[in-house]
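# Summary of structural features
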Amino acid sequence: METQNLPEDFGQEVYETLKYIIDPEVGINIVDLGLVYQVSLSEEGELVVDMTLTTPGCPMSGTIRTAAEQILLKRFPSLNVKINLVWSPPWSMDMITEEGMRQLERKA
Amino acid sequence: MSAATTSNSPGKWVVLPHYAFAALAFMALGVLLLFSTDAFGGHYFHPKLLTLTHVAALGWATMVIFGALYQLLPVVLECKLYSEKLATAAFGFLGAGTILLAWSFWHFELGWPMHVAACSLVIAFILFNINVAQTARKAPKWTIESDFIVTSAIWLLVTGLVGLLMVVNFTMPFLPVEHTHYLKLHAHIGMAGWFLLLIIGVGAKLIPMFLLAHHEDTKKLNWSYNLINAGLVLFTLDHLLFQTALLPVYAALVVAGVMCFLLYLREAAKTRQRQDIDLGMKQTFVALALLLLPLLLVLVVSSQLALPQSLLSSVYLVYGISVFFGFISALILGQTFKTLPFIVWMHAYEDYVGRFKTPMPKDMYSHTLLRWQNISYLLGFILLVAGVLLRQQQVILGGAIGFTLTSLLYTANVFQMLLHKAHNLKPFTYGNAKSA
């Protein structure tokens, strides 16, 4: 499936939408936690999100994946949405954004 | 990028009944303790103490561990649970066996009810072992945590089998040595083989995960596994066949193994990104601190020191209390609030996430009740230990009240979560995500 880069504004909108999904354990949104690896648009008009979880086998995997899919479908009803859960590269703390780190520190 | 599978979580009816049963068993334990203050003045082989120990070990600790493990096994082993039906059947046998065994011990009825109870428990342990082993076989990669969990299940079965032999021996004596000799074996392989190994195996994965700490070096965990199992195997063989004076050496091996685990956690904690420690994790750290007490006492009781008999009896009792009412209970009281809210949340909101604003798992229980639960627990534990050491029934009663209060607060919170239903959800409106 061929994919293409998103227009910058649209890509930003996708990321902003995904920020509504909060990791239920950490309490930080999945974008700032660094779980969203890539967002792209296929030639067939399918919005494809590659994302991971903080640990393989996470019991929340199904729920977070569904949440991401549902919120994108609601925000972009004309698009098909596909969420790929990927483990490579494995998630690490380095992937947390500056905003995510600030939120972690604020919780201390 | 390699694709991953979706959630491996089992159905809620596999997991949640275990939490409900365990909470009720903990409440029963508190009430039974209120009526057992007279039992702490002598030997540990006392009907009321045997009842308390088995309600604590089986109805409370093993029950909640079974339930939590069906949820966590897929997390640790990264594959689906082998059979939900086996899990449900094991729950039935464990629940029925525990109730019948508790009744039998309380009334010291050594006939058929106790035999049926012991058989029921062994069946539960066999079913559990099949489920764990078959799930582990499907695991995409084998880790040291898998070793801990699978081995702990085997030790649980051995513990149950020794218990069954002892029950049979009550009515048809055939064992060559006195009953308490096998009771020591039964108790220690249960405490160190089942509870300790299982807790280390799961804790080594979960505690760093909850702290957002990534610690890859598992050498200390390997040492921990080898030392504890070496100590247990040598203790079992020696106790059954030779009865040498090397017990402190075997105890030291187990203690060294636990210390390796604690060092592993300390190293992991150094890399943690989460600075906020919630009440559930605070209670977990209390449990880890309380673990030091039985580690110290196992060296004392295995050394056969020339202590006055009354003091020695009290030390034995405090040793048992420090394991079941101390470390294990403290850990469950904390970890329940790191697991159950997420399990309930997942089942309650999986159809709504992404479309509606949902509460967070931490919003599903009362933090005030939890704070008071942790306080009353610690007070109850201190009073119970002090009362047993001082042989003061009034102080023991104070401890029993503390535990009963703790169990009421805990059960109220657990049932608040178990009965949680999604309602009045508002759909997402798009604006500033930070305010969602």
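Residues numbered from 1 in each chain as written. Chains lettered and ligands numbered in written order. Predicted model: local features only at pLDDT ≥ 70, side-chain atom pairs only at ≥ 80, totals over all residues.

### As for the overall build of chain B
For chain B, the count of helices and strands is 13 helices and two strands. On C-alpha atoms alone, chain B measures out to a radius of gyration of 22 Å, which is about the 22 Å that the 2.2 N^0.38 rule sets for 436 residues. Over its C-alpha atoms, taken along the principal directions, chain B stretches across nearly 75 × 45 × 45 Å. A total of 436 residues make up chain B; the buried ones form 49% of that total. (Helix = DSSP H or I, 4+ residues; strand = E, 2+ residues; numbered from the N terminus. Rg over C-alpha atoms; globule rule 2.2 N^0.38 Å. Buried ≥ 20, exposed ≤ 12 C-beta atoms within 10 Å, placed from the backbone.)

### Looking at the overall build of chain A
A tally of helices and strands in chain A yields three helices and four strands. The linear arrangement of helices and strands in chain A, starting from the amino end, is β-α-β-β-α-β-α. Taking all 108 residues of chain A together, 43% fall into the buried category. Intrachain contacts of chain A at a sequence separation of at least 6 include 64% that bridge at least 24 residues. (Contact = placed C-beta atoms within 7 Å.)

### Points about the nonpolar core
A general feature of soluble globular proteins is that nonpolar side chains tend to end up buried together. Counting residues in hydrophobic clusters, the biggest one holds 168 residues, and the most contacted among them are Ala68 of chain A together with Trp60 of chain B. The dominant element in this core, judged by the number of residues it contributes, is helix H11 (residues 309-349) of chain B, at 21 residues. With residues up to four places along the chain from it excluded, the contact list for alanine 68 of chain A reads Leu18, Ile21, Val49, Met51 and Ile83 of chain A together with Gly354 of chain B. (Core = buried A, V, L, I, M, F, W, Y, C linked by C-beta atoms within 7 Å.)

### Here we look at the pairing of strand S3 (residues 46-51) of chain A
Residues and elements named next belong to chain A. Only one face of S3 is buried, namely the one carrying Leu47, Val49 and Met51, since none of Glu46, Val48 and Asp50 on the opposite face is buried. Examined bridge by bridge, strand S2 (residues 36-42) and S3 share five bridges and lie antiparallel to one another. In the strand pairing of S3, leucine 41 is matched with leucine 47. Remark: three residues form the turn of the hairpin made by S2 and S3, two consecutive strands paired antiparallel; glycine 45 in that turn has positive phi of roughly 80°. Bridging between S3 and strand S4 (residues 80-85) involves six bridges; their strand directions are parallel. The residue of S4 that forms the bridge with methionine 51 is leucine 85. (Pairing = 2+ DSSP bridges.)

### Section: unusual backbone geometry
At the junction of serine 88 of chain A and proline 89 of chain A, the peptide bond is cis and its omega measures out at 0° in the coordinates. Tracing the backbone shows proline 89 of chain A in the loop between S4 and helix H3 (98-107). Of note, the phi angle at glutamine 243 of chain B is positive, near 55°, even though the residue is not glycine. Along the polypeptide, glutamine 243 of chain B turns up in the loop between helix H7 (219-242) and helix H8 (247-270). For glutamine 243 of chain B, a count of 11 C-beta atoms within 10 Å gives the class exposed. Notably, arginine 391 of chain B is not glycine yet its phi reads approximately 55°, a positive angle. Summarising the element assignment, arginine 391 of chain B is placed in the loop between helix H12 (367-390) and helix H13 (393-418).

### Remarks on the packing of helix H2 (residues 47-77) of chain B against helix H3 (residues 84-106) of chain B
All names here are of chain B. Taken N-terminus to C-terminus, the directions of H2 and H3 make an angle of 170°; their axes are 8 Å apart at the nearest point. As the angle between them shows, H2 and H3 are arranged roughly antiparallel. Listed contacts from H3 to Pro47, Lys48, Leu50, Thr51, His54, Val55, Leu58, Gly59, Thr62, Met63, Phe66 and Tyr70 of H2 are Ala87, Ala90, Phe91, Leu94, Thr98, Leu101, Ala102, Phe105 and Trp106. (Axes fitted to C-alpha atoms, helices over the stretch in contact; angles between N-to-C directions. Parallel < 35°, antiparallel > 145°, perpendicular 65-115°, else oblique.)

### Overview of the environment of tyrosine 70 of chain B
In this fold, tyrosine 70 of chain B is placed in helix H2. Excluding residues within four positions of it along the chain, tyrosine 70 of chain B makes contact with Pro10, Val14, Val15, Leu81 and Ala87 of chain B.

### What to know about H7 of chain B
Residues and elements named next belong to chain B. End to end, H7 covers 33 Å across 24 residues, agreeing with the expected 34 Å (1.5 Å per residue, within 8%). Buried within H7 we find Lys220, Leu221, Ser224, Tyr225, Leu227, Ile228, Asn229, Gly231, Leu232 and Phe235. Tucked inside the fold, the buried residues of H7 contact helix H5 (144-171), helix H6 (179-210) and H8. Within two residues after H7, glutamine 243 carries a phi angle of roughly 55°, on the positive side. (Expected span 1.5 Å × (residues − 1).)

### Examining the interface of chain A and chain B
Listed as interface residues are 41 residues of chain A and, on the opposing side, 33 residues of chain B. Looking at the side of chain A that touches chain B, the elements with two or more residues in it are helix H2 (61-75), S4 and H3 of chain A. For the side of chain A that touches chain B, the leading source of residues is H2 of chain A, giving 12 residues. A class-by-class count of the residues in the side of chain A that touches chain B yields 19 nonpolar, 12 polar and 10 charged. (Nonpolar A, V, L, I, M, F, W, Y, C, P; charged D, E, K, R; others polar.)

### Topic: the packing of helix H4 (residues 112-138) of chain B against H5 of chain B
Residues and elements named next belong to chain B. Their axes nearest at 9 Å, the elements H4 and H5 cross at an angle of 165°. Here H4 lies roughly antiparallel to H5, going by the angle between them. For the pair H4 and H5, the crossing hand works out as left-handed. Of the residues contributing to the contact of H4 with H5, the split by class is 21 nonpolar, five polar and no charged. (Left-handed = near helix turned anticlockwise from the far one by under 90°.)

### What to know about the confidence of the model for chain A
In this model, chain A carries a mean pLDDT of 84, and residues with pLDDT of at least 70 account for 90%. Within chain A, no element has a lower average pLDDT than strand S1 (residues 3-4) of chain A, which sits at 58, and none a higher one than S3 of chain A, at 93. (pLDDT = per-residue confidence, 0-100.)

### Regarding the environment of leucine 297 of chain B
One can find leucine 297 of chain B in helix H10 (residues 292-302). Once you skip the residues sitting within four places of it in the chain, leucine 297 of chain B turns out to touch Val315, Val318, Tyr319 and Ser322 of chain B.

### Some details on the confidence of the model for chain B
For chain B, per-residue confidence averages 92 on the pLDDT scale, and residues scoring 70 or more make up 97% of the total. Segment residues 1-6 of chain B: pLDDT under 50, and 16 contacts once partners within four positions in sequence are set aside and those in other chains are kept.

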